[in-house]
Amino acid sequence: MLDSVPPRVREYADQAVAYVQRALGIKLEYDSDTLPVLDHYLRTVHDDQPAALELVVATSGAYFGEVVRRRHGGRWETTGDDVEWR
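Residues numbered from 1 in each chain as written. Predicted model: local features only at pLDDT ≥ 70, side-chain atom pairs only at ≥ 80, totals over all residues. Heavy atoms only, no water.

## Some thoughts on the overall build of the protein
So, point 1. Scanning the protein from N- to C-terminus turns up 3 helices and 2 strands.
So, point 2. Helices and strands in the protein line up, N terminus first, as α-α-α-β-β.
So, point 3. Here the protein holds 86 residues, and the buried ones make up 30% of them.
So, point 4. Expressed as a percentage of contacts within the protein between residues at least 6 apart in sequence, the contacts between residues at least 24 apart total 49%.
So, point 5. Carbon and sulfur atoms form 51% of the exposed surface of the protein, whose accessible area is close to 5,700 Å². (Helix = DSSP H or I, 4+ residues; strand = E, 2+ residues; numbered from the N terminus. Buried < 20%, exposed > 50% of the residue type's maximum accessible area, 1.4 Å probe, protein only. Contact = heavy atoms within 4.5 Å. Areas by Shrake-Rupley, 256 points an atom, 1.4 Å probe, with all protein chains shown as cover.)

## Considerations on the pattern of salt bridges
So, point 1. Here the structure, examined in full by the defined rule, presents 3 salt bridges.
So, point 2. Linking Asp39 and Arg43 is a salt bridge whose minimum nitrogen-to-oxygen distance equals 3.2 Å. Of this pair, Asp39 and Arg43 are both found in helix α2 (residues 35–44), 4 residues apart, which corresponds to roughly one turn of the helix.
So, point 3. Assessed through its relative accessible area of 36%, Asp39 is described here as partly exposed.
So, point 4. Given a relative accessible area of 66%, Arg43 falls into the exposed group. (Salt bridge = Lys/Arg side-chain N within 4 Å of Asp/Glu carboxyl O.)

## Quick word on the packing of aromatic side chains
So, point 1. Summed over all chains, the structure comprises 1 aromatic pair.
So, point 2. Ring centres of Tyr30 and Tyr63 lie 4.9 Å apart, and the angle between their planes is 40 degrees; on these two criteria the pair is classed as tilted. Of this pair, Tyr30 sits in the loop between α1 (7–24) and α2 while Tyr63 sits in helix α3 (residues 50–72), and the two are 33 residues apart along the sequence. Considered together, Tyr30 and Tyr63 belong to a single accessibility category, that of buried residues.
So, point 3. The cationic tip of Arg70 hangs over the ring face of Tyr30; the distance from NZ or CZ to the ring centre is 4.0 Å. (Phe/Tyr/Trp six-rings, centres within 6.5 Å; stacked < 30°, edge-to-face > 60°. Lys NZ or Arg CZ within 6 Å of the ring centre and 35° of its normal.)

## Concerning the packing of α1 against α3
So, point 1. As a packed pair, α1 and α3 sit with axes 7 Å apart at the nearest point and diverge in direction by 105 degrees. The angle between the axes of α1 and α3 places the two elements in the roughly perpendicular class. In this structure, α1 uses Val9, Tyr12, Ala13, Gln15, Ala16, Val17 and Tyr19 to contact α3, whose residues at the interface are Leu55, Ala58, Thr59, Ser60, Ala62, Tyr63 and Glu66.
So, point 2. Considered class by class, the residues forming the contact of α1 with α3 number 10 nonpolar, 3 polar and 1 charged. (Axes fitted to C-alpha atoms, helices over the stretch in contact; angles between N-to-C directions. Parallel < 35°, antiparallel > 145°, perpendicular 65-115°, else oblique. Nonpolar A, V, L, I, M, F, W, Y, C, P; charged D, E, K, R; others polar.)

## A look at unusual backbone geometry
So, point 1. Phi angles above zero are rare outside glycine, and Tyr30 is one such case at about 60 degrees.
So, point 2. For Tyr30, a relative accessible area of 15% gives the class buried.

These results come straight from atomic positions and should not be treated as a statement about function.
Following this line, the structure appears as structure tokens:
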């Protein structure tokens, strides 16, 4: 199952887990029960640093995508530098 995850997506999703753990002291476990925790974390992120915000958006999107993929199936598709979920 994890073999079908592009390395960049896995890295981003794992970064989201690390960010939330560092900020809130809660480890995300890649299940839908943790999405409210991620949502709470996102509400604490300041939008005054565009580069940091862009990274938080990418890592959170990868985490959310992994939760959905693991629960409902699907696959990541890479096209060059872009990653899409289907």
